[in-house]
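In case you want the letters, here they are:
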Amino acid sequence: MKNTFGYSVAVTLFGESHGEAIGAILDGMAPGVVIDRDYIAHMLTLRRPNGKISTPRQEQDAFQILSGVVNGKTTGTPITILIPNENVKSGDYAQLATIARPSHADFTAQCKYHGYQDTSGGGHFSGRITAALVAAGAICKYALEQKGIRIGTHVKRSAGISDRDFQNLQRDVESLSQKKFAVLDVSAEQEMRQAILAAAAEGDSVGGILETAIIGMPAGIGEPWFDSVESMLSHMLFSIPAVKGIEFGAGFSIVDLKGSEANDPMKLENGRIITTTNNNGGINGGITNGMPIIFRTAIKPTPTIFKPQNTVDYHTMTETVLQPKGRHDPAIVHRARVVQDAAAAIVLCDALALRFGTDWLK
């Protein structure tokens, strides 16, 4: 089972939703990188449930760093992060052990692991594992910020409600880092919350679109073919549960433009080459051009809903009707945004280390 991402800076995830703990091993970070535990804790807080628009399951995410850090700085050896699972209710899933929840990984896990997989709460496929990804990504994101590279994600759209576009990128990205519900327009937050609650009241769920801006990335990072910046980001981002699509810059809307409209004209500004538009999202030929990297992901509605759904018991090979119980999110898009930040940070650290060497991150 492939649980490791990265070449020079790599992350490995382990654990199950209702196991004793989850965790991550971050390998390849330069020695001497500052570890800010409060920063890691803050990012984990942004991933936690947010009132009635999230699952009732509450975890403290009291992470432990077991190796790779001494006196608040990295040693250069693997960093092991452990996060205990404290609020588990495996009994909620006992009756579902052989019943495939529609649009979950239950059936595909059965096909791959032949019944040996942990089925409680989705096991290793659970969104719970993203807490470990966030903890590892927080180390990378903090290191990037010390080099002037910042990442910010907002809920661009959810339940048919849209947030405003990025305007002043520096200001907008910095403001998002402190928001529990990451939108740029406060009125959009209230409308989204109400729409999510309305779906929850019907036993249903909603999805959304996350939009990320990365500023401060130098030009010349990435490879022209199989390790293009788009390829690496897409590989990682599709590993986040519920991501079903990604687009960069103008994305799919670029097909409705003519070349004269889609191209990004270039000019000089203070001795630096920039583009006057950014339809290509800061990447040309798979390599960063120094402009902000902009991308969006599609987050599907939470698959577990409190409505009857037709399915199959794959042990008895009989059709049945599923009426789920337990604790579930009517929307995960607002929690997934910090996961997207963390995932992007790991990719960028890896790409930068490949280009300049790991010591560049110190």
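Procedures and definitions
- Residues numbered from 1 in each chain as written.
- Predicted model: local features only at pLDDT ≥ 70, side-chain atom pairs only at ≥ 80, totals over all residues.
- Heavy atoms only, no water.
- Patch = residues over 30% accessible without salt bridge, like charges linked within 9 Å, V, L, I, M, F, W, Y side chains within 5 Å.
- Areas by Shrake-Rupley, 256 points an atom, 1.4 Å probe, with all protein chains shown as cover.
- Salt bridge = Lys/Arg side-chain N within 4 Å of Asp/Glu carboxyl O.
- Helix = DSSP H or I, 4+ residues; strand = E, 2+ residues; numbered from the N terminus.
- Buried < 20%, exposed > 50% of the residue type's maximum accessible area, 1.4 Å probe, protein only.
- Pairing = 2+ DSSP bridges.
- Contact = heavy atoms within 4.5 Å.
- Polar contact = N/O pair within 3.5 Å; in protein donor to acceptor, adjacent residues only side chain to side chain.

A. Looking closely at a nonpolar patch on the surface. Together, Met266, Leu268 and Ile273 make up an exposed nonpolar region whose accessible area comes to about 370 Å². With respect to the element layout, Met266 can be found in strand β12 (residues 266-269).

B. Here's a closer look at the pattern of salt bridges. Scanning the model with the defined rule gives 10 salt bridges in all. Put simply, Asp172 and Arg164 hold a salt bridge, and the shortest N to O gap is 3.0 Å. Residue class for Asp172 comes out buried when judged on its relative accessible area of 2%. Since its relative accessible area comes to 23%, Arg164 is described here as partly exposed. Its salt-bridge partner being Asp329, residue Arg335 comes within 2.9 Å of it at the nearest N-O pair. A single salt-bridge network, built from bridges that share partners, covers Arg48, Asp61 and Arg128.

C. Structural detail: the pairing of strand β10 (residues 208-215). Counting buried residues along β10, seven of its eight residues qualify, which places the element largely inside the surrounding structure. Where strand β8 (residues 150-158) lies against β10, eight bridges are found, and the strand directions are antiparallel. Of the residues in β10, the one forming a bridge with Ser158 is Gly208. Where β10 and strand β16 (residues 293-299) come together, seven bridges link them in antiparallel fashion. Within β16, the position partnered with Leu210 by the bridge is Thr297.

D. Molecular detail of unusual backbone geometry. The phi dihedral of Ala242 is positive, around 90°, even though this residue is not glycine. Secondary-structure assignment places Ala242 in the loop between α6 (229-237) and β11 (243-248). Positive phi, normally seen in glycine, also occurs at Asn270, with a value near 55°. The class of Asn270 is exposed, set by a relative accessible area of 80%.

E. Main features of the environment of Asp165. Considering the arrangement of structural elements, one finds Asp165 in the loop between β9 (161-162) and α4 (169-176). Since its relative accessible area comes to 47%, Asp165 is described here as partly exposed. Spatially, the C-alpha atoms of Asp165 and Asp185 are 9.1 Å apart, while their sequence positions differ by 20 residues. Not counting the four nearest positions on each side in its chain, Asp165 is found in contact with Lys156, Asp172 and Leu184. Within the structure, the side chain of Asp165 is placed 3.1 Å from the side chain of Lys156, a separation counted as a polar contact.

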